[in-house]
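Descriptive analysis of the structure
Here is how the chains run, residue by residue.
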Amino acid sequence: MPNFAYRGRNGTGDVEQGILDGASAGAVADMLFGRGITPIEISPTTKSAGAAGSGPGTDIQIFKPKVQHMDVLLFSRQIHTLLRSGVPIMRALAGLQDSSTNPAMRAVLQDVRESLDSGRELSLSLARHPKVFTPFYLSMVRVGEMTGRLEEVFIRLFDHMAFERFMRDQVKSALRYPSFVVAAMLIAIVIVNIFVIPAFAKVFKGFGADLPLMTRLLIGFSDFMLNWWPALLLAAVGGVFAFNAWLNTRKGRYDWDRIKLQIPIAGKIVRKATLARFAASFALASRSGVPIIQALTNVAETVDNAYIADKVEKMRDGVERGESILRTSIAAGVFTPVVLQMIAVGEESGALDDMMKEVADLYQSEVEYELKTLSQQIEPVLVITLGIMVLILALGIFLPLWDLGRVAIKK
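The text that follows walks through the structure, step by step, so that each part is easy to find. Remember, predicted model here, so these are calculated numbers, not experimental data.

Examining the side chain of S222
For S222, the position within the fold is in helix α8 (residues 213–247). With sequence-adjacent residues up to four places away left out, S222 is seen in contact with N193, I197 and P198.

Structure, rendered in structure tokens:
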């Protein structure tokens, strides 16, 4: 649809300008009149809608508000309630726009309303905002439009997004404790090497005797940190930037997502949470009438793990070649035997969507159990690590003192 640049006066007489898309200049004029703007000039342009500001008084915001996951979650729930109550879609969107507390979400809803006014379907109007609505979300809305069950699709999307939010929060909480402990241990190592060991090193130098190997290693490492701390700090900062740059590459993201699944204790939680999202997404798509191949394509974009997404895409390729879901699931190598058995039963009975929902519930319950027992699983690792650190410090610091005590007793 072509874009048109416009200039007009609002109700207060101020000049406003911007870019809108429409079937014709007359359609754009009708949209402007609907906004309370009297058009002065409308001309075709190659720029996209939203590229220009709304006038000379437009504020340039450095930190613009963004549409959050919760905004889309509430939108799905509210639009379901309004559509089920028989409220027309345009009036429902207008009400949601007025009640939204996020300016970014209000702008999105305003653009969706204008797009619907110009004759687009709802799915295409939502697709104008790919950073807000995922491909899976758009696919589900498109299915709802084709089947006439749009309000049912929105409540399923709400349940799905609430499930995703729960799983994501659970995984974050699972990784927060070990991350905090590791960070605290690193800080303790830095403090000991900068303040504690140098103080003991001054005392040891007055002994005039050979120091034990462990003591020499501790003093040498402490001296290295004190003499080279600018280079170490620069290397740490550079390492963070290099790691982020590596993650932004396709191969880096794939390798890191694969490594995350192999991390002791936390890796199995991340794996189960990811597969729970996969199973829930697949069950939702299947129940809504999405073809299996398209469902697997959309689900691969929602698992939030490049490694698992690659496995799902290979499952889709296998299904396209005529293989069964069970066979492709076995070849993926990421499902447990119990899950594979449930997939086999679902495929044979024609109730694959119900079985995948059972898989999602199974993984969710396992993630909850893993999180509840996380402290018990990680406690032995932390105790052993702290014990090794204390042993090294004790041998390095107290062995020379014991040697000095023996010398004093002999004298």
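From this point, the narrative continues.
So, the packing of aromatic side chains
Note on aromatic pairs: each is described by the distance of the centres and the angle between the planes. A complete count under the given rule lists nine aromatic pairs for this structure. Measuring from centroid to centroid gives 5.8 Å for F243 and W246, while their planes differ by 45°, and the two rings are tilted. Separated by three residues within a single helix, F243 and W246 lie in helix α8, roughly one turn from each other. Judged by relative accessible area, which is 32%, F243 ranks as partly exposed. Overall, W246 belongs to the partly exposed group, its relative accessible area being 31%. Among the aromatic side chains, those forming a connected cluster through ring pairs are F75, F133, Y137 and F154. It is R77 that lies over the ring of F158; its NZ or CZ is 5.4 Å from the centre.

Quick word on a nonpolar patch on the surface
Where nonpolar side chains cluster on the molecular surface, the patch consists of V182, L186, I189, F221, F224, W228 and L232 and spans about 650 Å² of accessible area. Residue assignment for the nonpolar patch shows that the elements contributing at least two residues are α7 (150–205) and α8. Looking at where I189 falls in the secondary structure, it is placed in helix α7.

Concerning the packing of helix α10 (residues 266–287) against helix α15 (residues 352–372)
Between two packed helices, what matters for the description is the angle formed by their axes and the separation of those axes. Running from amino to carboxyl end, α10 crosses α15 at an angle of 155°, the nearest separation of the two axes being 8 Å. Taken as axis vectors, α10 and α15 run roughly antiparallel relative to one another. The crossing of α10 and α15 is left-handed. Its residues assigned to classes, the contact of α10 with α15 comprises 16 nonpolar, two polar and eight charged.

Overview of helix α6 (residues 135–147)
Along its 13 residues, α6 runs 18 Å from first to last C-alpha, staying within 8% of the 18 Å computed at 1.5 Å per residue. Taken together, the buried positions of α6 are occupied by F136, Y137, L138, S139, M140, V141, V143 and G144. One or two positions beyond α6, positive phi appears at G148, with a value near 75°.

Some details on the pattern of salt bridges
Inspection of the entire model under this criterion finds 14 salt bridges. The shortest N-O distance in the salt bridge between R128 and D111 comes to 2.9 Å. Note that R128 is positioned in the loop between α5 (122–126) and α6 and D111 in helix α4 (residues 103–117), a separation of 17 residues in sequence. A relative accessible area of 17% places D111 in the buried class. With a shortest N-O distance of 2.8 Å, D257 and R253 are connected by a salt bridge. Linking D257 with R253, this pair stays in helix α9 (residues 250–260), spanning four residues, or about one helical turn. On the basis of relative accessible area, D257 is assigned to the buried category, the value being 1%.

Structural notes on the nonpolar core
Core analysis: the biggest nonpolar cluster contains 81 residues, and F75, F133, Y137, F154, L157, F278 and F335 have the highest contact counts within it. Discounting chain neighbours no more than four positions away, the residues touching F278 are L296, V299, V303, V312, M315, F335 and M356. Counting residues in hydrophobic clusters, the runner-up holds eight residues, among them A201, F204, L218 and I219.

Some words on the side chain of S125
Within the element layout of this structure, S125 appears in helix α5. For S125, a relative accessible area of 0% gives the class buried. Side-chain polar atoms of S125 contact the side chain of S115, separated by 2.9 Å. Leaving out residues up to four positions away in the same chain, S125 has contacts with V112, S115, L116 and R120.

Focus: α4
Counted at 1.5 Å a residue, the expected span for α4 with its 15 residues is 21 Å, and the 21 Å between its end C-alpha atoms agrees. Of all the residues in α4, the buried ones are A104, M105, V108, L109, D111, V112, E114, S115 and L116. The distance from a side-chain oxygen at the start of α4 to the backbone nitrogen of A104 is 2.9 Å, and the residue carrying that oxygen is N102.

What to know about the environment of I40
For I40, the position within the fold is in strand β3 (residues 38–45). In sequence terms I40 and E16 are 24 residues apart; their C-alpha atoms lie 9.7 Å from each other. Ignoring any residue separated from it by four or fewer positions in sequence, one finds I40 in contact with R7, G8 and R9.

Scoring rules and cut-offs
Residues numbered from 1 in each chain as written. Predicted model: local features only at pLDDT ≥ 70, side-chain atom pairs only at ≥ 80, totals over all residues. Heavy atoms only, no water. Helix = DSSP H or I, 4+ residues; strand = E, 2+ residues; numbered from the N terminus. Contact = heavy atoms within 4.5 Å. Phe/Tyr/Trp six-rings, centres within 6.5 Å; stacked < 30°, edge-to-face > 60°. Buried < 20%, exposed > 50% of the residue type's maximum accessible area, 1.4 Å probe, protein only. Lys NZ or Arg CZ within 6 Å of the ring centre and 35° of its normal. Patch = residues over 30% accessible without salt bridge, like charges linked within 9 Å, V, L, I, M, F, W, Y side chains within 5 Å. Areas by Shrake-Rupley, 256 points an atom, 1.4 Å probe, with all protein chains shown as cover. Salt bridge = Lys/Arg side-chain N within 4 Å of Asp/Glu carboxyl O. Axes fitted to C-alpha atoms, helices over the stretch in contact; angles between N-to-C directions. Parallel < 35°, antiparallel > 145°, perpendicular 65-115°, else oblique. Left-handed = near helix turned anticlockwise from the far one by under 90°. Nonpolar A, V, L, I, M, F, W, Y, C, P; charged D, E, K, R; others polar. Expected span 1.5 Å × (residues − 1). Core = buried A, V, L, I, M, F, W, Y, C linked by side-chain atoms within 4.5 Å. Polar contact = N/O pair within 3.5 Å; in protein donor to acceptor, adjacent residues only side chain to side chain.

Note that every value here comes from positions in space, so none of it alone points to a role or purpose.
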